[in-house]
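# Observations on the model geometry
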Amino acid sequence: YWSNDSKFLYYVEIDATTLRPHHVKRWSLEEPEKESVSVFIEGDETYYVGIKPSISGRYLFIESDSTLTSEVQIIDLDNPSLAIKTFYPRQTGHEYSVEHGGKYFYVKTNIEGRNFCLKKCTEPEIYIDNWETVVPHHPERLFEDFTVINDHIIIQDRYNANSYVKVIGQNECY
């Protein structure tokens, strides 16, 4: 994925022996003869690394995932020289994923229970104390996925073996 100024290319390197994606690197278009710069290395062999751009195009997310735990690092694609930020520190058993749309970060998390919930926070206030509930955890309803489009959130969940889709505004709650 390219930085927004099209000067840097981000990619994931795979370990030659284990074939585990574990290393995020950045290559410079302005200095193509130089080696790529290391941006992130996942040292825990039980985790796999992937990268994805936010829907807004502003951020690149580095996702480290194991069976039951995840962690997300953030790269600002408008300012690629800034240091990467950890969205929420790794905590055993805590699974989460992050998206950015409009002025909010959205967090699908199991921090309140195994069926997940959706939280949001503004860009500078990404700390957990500032997370606001968009879709609350429900012990009988599985929050499966969401997408942010313009000023709306498309929510997909499952209840009594049926899938449901609902569209809400960014300032609404489920």
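Up top is the structure these notes are about.
Now for a look at the structure at hand.

Procedures and definitions
Residues numbered from 1 in each chain as written. Predicted model: local features only at pLDDT ≥ 70, side-chain atom pairs only at ≥ 80, totals over all residues. Heavy atoms only, no water. Pairing = 2+ DSSP bridges. Helix = DSSP H or I, 4+ residues; strand = E, 2+ residues; numbered from the N terminus. Buried < 20%, exposed > 50% of the residue type's maximum accessible area, 1.4 Å probe, protein only. Polar contact = N/O pair within 3.5 Å; in protein donor to acceptor, adjacent residues only side chain to side chain. Contact = heavy atoms within 4.5 Å. Phe/Tyr/Trp six-rings, centres within 6.5 Å; stacked < 30°, edge-to-face > 60°. Lys NZ or Arg CZ within 6 Å of the ring centre and 35° of its normal. Salt bridge = Lys/Arg side-chain N within 4 Å of Asp/Glu carboxyl O. Axes fitted to C-alpha atoms, helices over the stretch in contact; angles between N-to-C directions. Core = buried A, V, L, I, M, F, W, Y, C linked by side-chain atoms within 4.5 Å.

What follows is about the pairing of strand E14 (residues 162-169). Here strand E13 (residues 152-159) pairs with E14 via 8 bridges, running antiparallel. Each bridged residue has a counterpart across the sheet, and for glutamine 156 the counterpart in E14 is valine 165. Connecting E13 to the next strand, E14, in antiparallel fashion are 2 residues, including asparagine 160 with a positive phi near 50°.

The next thing to look at is the side chain of histidine 23. Inspection of the secondary structure puts histidine 23 in strand E2 (residues 21-28). Histidine 23 sits in the buried class, given a relative accessible area of 10%. Reaching out from histidine 23, the side chain makes a polar contact with the side chain of serine 38 at a distance of 2.7 Å. With residues near it in sequence (within four places) discarded, histidine 23 still touches Tyr11, Val12, Glu13, Ser38, Phe40 and Ile41.

Attention shifts here to the packing of aromatic side chains. According to the stated counting rule, one finds 11 aromatic pairs in the structure shown. With centroids separated by 6.1 Å and ring planes inclined at 90°, the aromatic side chains of tyrosine 88 and tyrosine 96 adopt a geometry described as edge-to-face. An aromatic cluster of at least three residues, connected via ring pairs, comprises Tyr59, Phe61, Phe87, Tyr88, Tyr96, Phe105 and Trp131. The residue whose ring lies beneath lysine 108 is phenylalanine 116, and the NZ or CZ to ring-centre distance is 4.8 Å.

Further remarks concern the pattern of salt bridges. According to the stated counting rule, one finds 12 salt bridges in the structure shown. Here glutamate 30 ties to lysine 7 by a salt bridge, and the two come within 3.5 Å at their closest N and O atoms. Of this pair, glutamate 30 sits in the loop between E2 and strand E3 (37-41) while lysine 7 sits in the segment before strand E1 (8-14), and the two are 23 residues apart along the sequence. Among the residues examined, glutamate 30 registers a relative accessible area of 53% and is labelled exposed. Given a relative accessible area of 33%, lysine 7 falls into the partly exposed group. Here the salt bridges do not stand alone but share partners, grouping Glu42, Glu71 and Arg90 into one network.

Before going further, it helps to examine the sheet that holds strand E9 (residues 104-109). Ordered by their spatial adjacency, 4 strands build an open sheet running E8-E9-E10-E11, and the pairing between neighbours is antiparallel. The open sheet has two edge strands, strand E8 (96-101) and strand E11 (132-135), and neither has a second partner. Strand after strand, the sheet turns through a mean of 30° between neighbouring axes, direction not considered.

Let's shift gears to the nonpolar core. Counting 13 residues, the largest nonpolar core has Phe61, Ile74, Phe87, Tyr96, Val98 and Phe105 as its most contacted members. Of all the elements in the fold, those that place two or more residues in this core are strand E5 (59-65), strand E6 (70-76), E8 and E9. Residues in contact with phenylalanine 61, not counting those within four places in the same chain, are Gly50, Ile51, Lys52, Ser54, Val72, Gln73, Ile74, Val98, Glu99, His100 and Phe105.

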